[in-house]
Amino acid sequence: MHWRGVLQVAEENAGEELLQICYGVKPAGLEILKDSVRCSFDLMPGATKKPRFDEFGAIISASGFGTERVRTHNSRDAFASVHFWQNDRLESLSGLSAPSVVIAGSGDGALQDFIRVASGMRSALELMTYCMPAEPPGSFRERIQAAEDQAVRAASWASTSEHDHAIQLRLHESYMEAIQDLFSKPPFNSVPERINQLLKGRPFSKLTLVHPCRHFSQSYALNRVLVCMVQEALSRGIQRGRVEVLGETGVAEVQCVGCKAPPEANLCFGRRHRVQLNPRTCSGTKAVDRTIEAEVVVLRLGIDRGAKATLGERPGGGLRRQLLPYFPTR
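What counts and what doesn't
Residues numbered from 1 in each chain as written. Predicted model: local features only at pLDDT ≥ 70, side-chain atom pairs only at ≥ 80, totals over all residues. Heavy atoms only, no water. Pairing = 2+ DSSP bridges. Helix = DSSP H or I, 4+ residues; strand = E, 2+ residues; numbered from the N terminus. Expected span 1.5 Å × (residues − 1). Buried < 20%, exposed > 50% of the residue type's maximum accessible area, 1.4 Å probe, protein only. Patch = residues over 30% accessible without salt bridge, like charges linked within 9 Å, V, L, I, M, F, W, Y side chains within 5 Å. Areas by Shrake-Rupley, 256 points an atom, 1.4 Å probe, with all protein chains shown as cover. Salt bridge = Lys/Arg side-chain N within 4 Å of Asp/Glu carboxyl O. Axes fitted to C-alpha atoms, helices over the stretch in contact; angles between N-to-C directions. Parallel < 35°, antiparallel > 145°, perpendicular 65-115°, else oblique. Left-handed = near helix turned anticlockwise from the far one by under 90°. Contact = heavy atoms within 4.5 Å. Nonpolar A, V, L, I, M, F, W, Y, C, P; charged D, E, K, R; others polar. pLDDT = per-residue confidence, 0-100. Phe/Tyr/Trp six-rings, centres within 6.5 Å; stacked < 30°, edge-to-face > 60°. Lys NZ or Arg CZ within 6 Å of the ring centre and 35° of its normal.

Colleague: What exactly am I supposed to notice about the pairing of strand β9 (residues 273-281) here?
Modeller: Side chains on a regular strand alternate between the two faces of the sheet. Pairing analysis gives 7 bridges linking strand β8 (residues 249-256) to β9, with the strands arranged antiparallel. Following the sheet pairing, threonine 249 is matched in β9 by proline 279. Of the pairings in the sheet, the one linking β9 to strand β11 (residues 290-294) comprises 5 bridges and is antiparallel in character. Across the sheet, residue arginine 274 finds its bridge partner in β11, namely glutamate 293.

Written out as structure tokens, the structure is:
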């Protein structure tokens, strides 16, 4: 909403001579000229105007990361989880009686959905405010910041999955060590009990987070630190049998019992699902026959970058590594 307001003000103040915004316009072709670039455009249904010019000094094609993967395989008959930006009922679990919930993934989508189901709160910040009896000490924030700084610097040089595994594993261990130290000192030694009491009051019978290695993947620090706090609290509390974080585990298949194909999350929300799990690591997969049942299944399996059509040929042979920004605490 903020960005939309800024854009509207810019459009009103600049005028079409400096800024023109055309919705529903699709680039159709690209021609490289001697000193400029020419682009032709097609109007999508409902569009009202084309750009005033077709020749430019530069063109930025911002096509995004790719398509979110919410199926275990690309088949129309495969179960489709709710997409991250779709409406859902994960905080309230409304209409269900003590469901079992499985969330699969290790990035921000999976971690944030785990936080929402585990706490019933709509944001990581809301949960952090609830859990903390006081402002976390500067030494804790500095340890997390230093770990993130090292991970980002290392990731910018990494080129293989083995490199990424070593970086993320070290980062995960740094988080857990910092959290364990924090929980050993008052008043923060009360945080595990606060978390366990919160989990105790939630309306699910079982909550399982499944992720494919001993660490999470690249994610924002607040999501990561909260899930690591829940992990540490579970190791000290009675809720560890009811809430589980299963590392080195993936989802091979999801079957919705009694649903007609193609099954979709919003249509079969609350129905019985059979979820086949298999052991996984960053470097490989070996399937086994292990099945659990759940009424709510959320798949956050990453991004399918695919071979998307773009304007012209993309120099450099593909997408560059994307690194999350981080900011020093003040």
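So that's the structure; there's more coming.
Colleague: What should I look at first to understand helix α2 (residues 108-119) in this one?
Modeller: Given 3.6 residues per turn, any residue in an α-helix points the same way as the ones three and four places further on. Taking 1.5 Å as the rise per residue, α2 with 12 residues should run 16 Å; its terminal C-alpha atoms sit 16 Å apart, in good agreement. Counting buried positions along α2 yields 11 of 12 residues, so the element is predominantly enclosed. One or two residues past the end of α2 sits glycine 120, with phi positive at roughly 75 degrees.

Colleague: For this particular structure, what's the right way to read a nonpolar patch on the surface?
Modeller: Together, Leu30, Ile32 and Ile59 make up a nonpolar patch on the protein surface, roughly 250 Å² of accessible area in all. Mapped onto the secondary structure, isoleucine 32 falls in strand β1 (residues 25-32). Judged by its relative accessible area of 63%, isoleucine 32 is exposed.

Colleague: Is there a simple way to explain the pattern of salt bridges in this structure?
Modeller: Pairing of side chains with opposite charge becomes possible as their charged atoms draw close. Taken as a whole, this structure holds 16 salt bridges when the rule is applied. Measuring nitrogen to oxygen at the nearest pair gives 2.4 Å for the salt bridge that ties glutamate 91 to arginine 116. With a gap of 25 residues between them, glutamate 91 in the loop between β4 (67-68) and β5 (100-104) and arginine 116 in helix α2 connect regions that are remote in the sequence. In terms of burial, glutamate 91 and arginine 116 fall into one category: buried. Put simply, aspartate 113 and arginine 300 hold a salt bridge, and the shortest N to O gap is 2.8 Å. Here the residue aspartate 113 occupies a position in helix α2, and arginine 300 occupies one in the loop between β12 (296-299) and β13 (303-304), the gap between them amounting to 187 residues. An identical accessibility class is assigned to aspartate 113 and arginine 300; each is buried. Beyond isolated ion pairs, a larger network of salt bridges with shared partners links Glu68, Asp88, Glu91, Asp113, Arg116, Arg122 and Arg300.

Colleague: I would appreciate a short explanation of the packing of helix α5 (residues 161-183) against helix α7 (residues 221-236) in the present structure.
Modeller: Between two packed helices, what matters for the description is the angle formed by their axes and the separation of those axes. α7 packs onto α5 with a crossing angle of 60 degrees between their chain directions and a minimal axis gap of 10 Å. On the basis of their axis angle, the class for α5 and α7 is oblique. Once α5 is placed against α7, the crossing between them reads as right-handed. Within the contact between the two elements, α5 uses Gln168, Leu171, His172, Tyr175, Met176, Ile179, Gln180, Leu182 and Phe183 and α7 uses Ala221, Arg224, Val225, Cys228, Met229, Gln231, Glu232 and Arg236. Of the residues belonging to the contact of α5 with α7, the class tally is 10 nonpolar, 4 polar and 3 charged.

Colleague: Looking at this model, I keep getting lost on unusual backbone geometry. Mind explaining?
Modeller: Phi is mostly negative for residues that are not glycine, and the peptide bonds are mostly trans. A cis geometry characterises the amide bond from proline 186 onward to proline 187, with omega recorded as 0 degrees. Despite not being glycine, alanine 98 shows a phi value in the positive range, around 45 degrees. Within the secondary structure, alanine 98 sits in the loop between β4 and β5. By relative accessible area, alanine 98 is classed as partly exposed at 42%. With phi around 50 degrees, glutamate 248 is a residue other than glycine that occupies positive phi space. Owing to a relative accessible area of 34%, glutamate 248 belongs among the partly exposed residues under this scheme.

Colleague: Can you walk me through the confidence of the model for the protein in this structure?
Modeller: One rule of thumb: low pLDDT means the predicted coordinates there are not for detailed reading. Averaged over all residues, the pLDDT of the protein is 87; the fraction at 70 or higher stands at 89%. Across the protein, element-level confidence peaks in β5 with a mean pLDDT of 97 and bottoms out in strand β10 (residues 284-285) with 62.

Colleague: So what exactly am I meant to see when it comes to the sheet that holds strand β3 (residues 55-56) here?
Modeller: Remark on secondary structure: sheet strands pair via backbone hydrogen bonds, oriented parallel or antiparallel. If you walk across this open sheet you meet the 3 strands as β1-β2-β3, and the pairing is antiparallel. Of all strands in the sheet, those with a lone pairing partner are β1 and β3, marking the two edges.

Colleague: In this structure, what is going on with the packing of aromatic side chains? I would like to understand it.
Modeller: For the structure on display, the rule yields 2 aromatic pairs. Here phenylalanine 41 and phenylalanine 56 contribute two aromatic rings whose centre-to-centre distance is 6.3 Å and whose plane-to-plane angle is 85 degrees, an arrangement assigned as edge-to-face. Of this pair, phenylalanine 41 sits in strand β2 (residues 37-43) while phenylalanine 56 sits in strand β3, and the two are 15 residues apart along the sequence. Take phenylalanine 56: its relative accessible area is 25%, and that puts it in the partly exposed class. Each ring, one from phenylalanine 84 and one from tryptophan 85, has its centre 5.1 Å from the other, and the planes form 80 degrees; the classification is edge-to-face. Assessed through its relative accessible area of 77%, tryptophan 85 is described here as exposed. One cation-aromatic arrangement involves arginine 224 over tyrosine 175; the distance from NZ or CZ to the ring centre is 5.6 Å.

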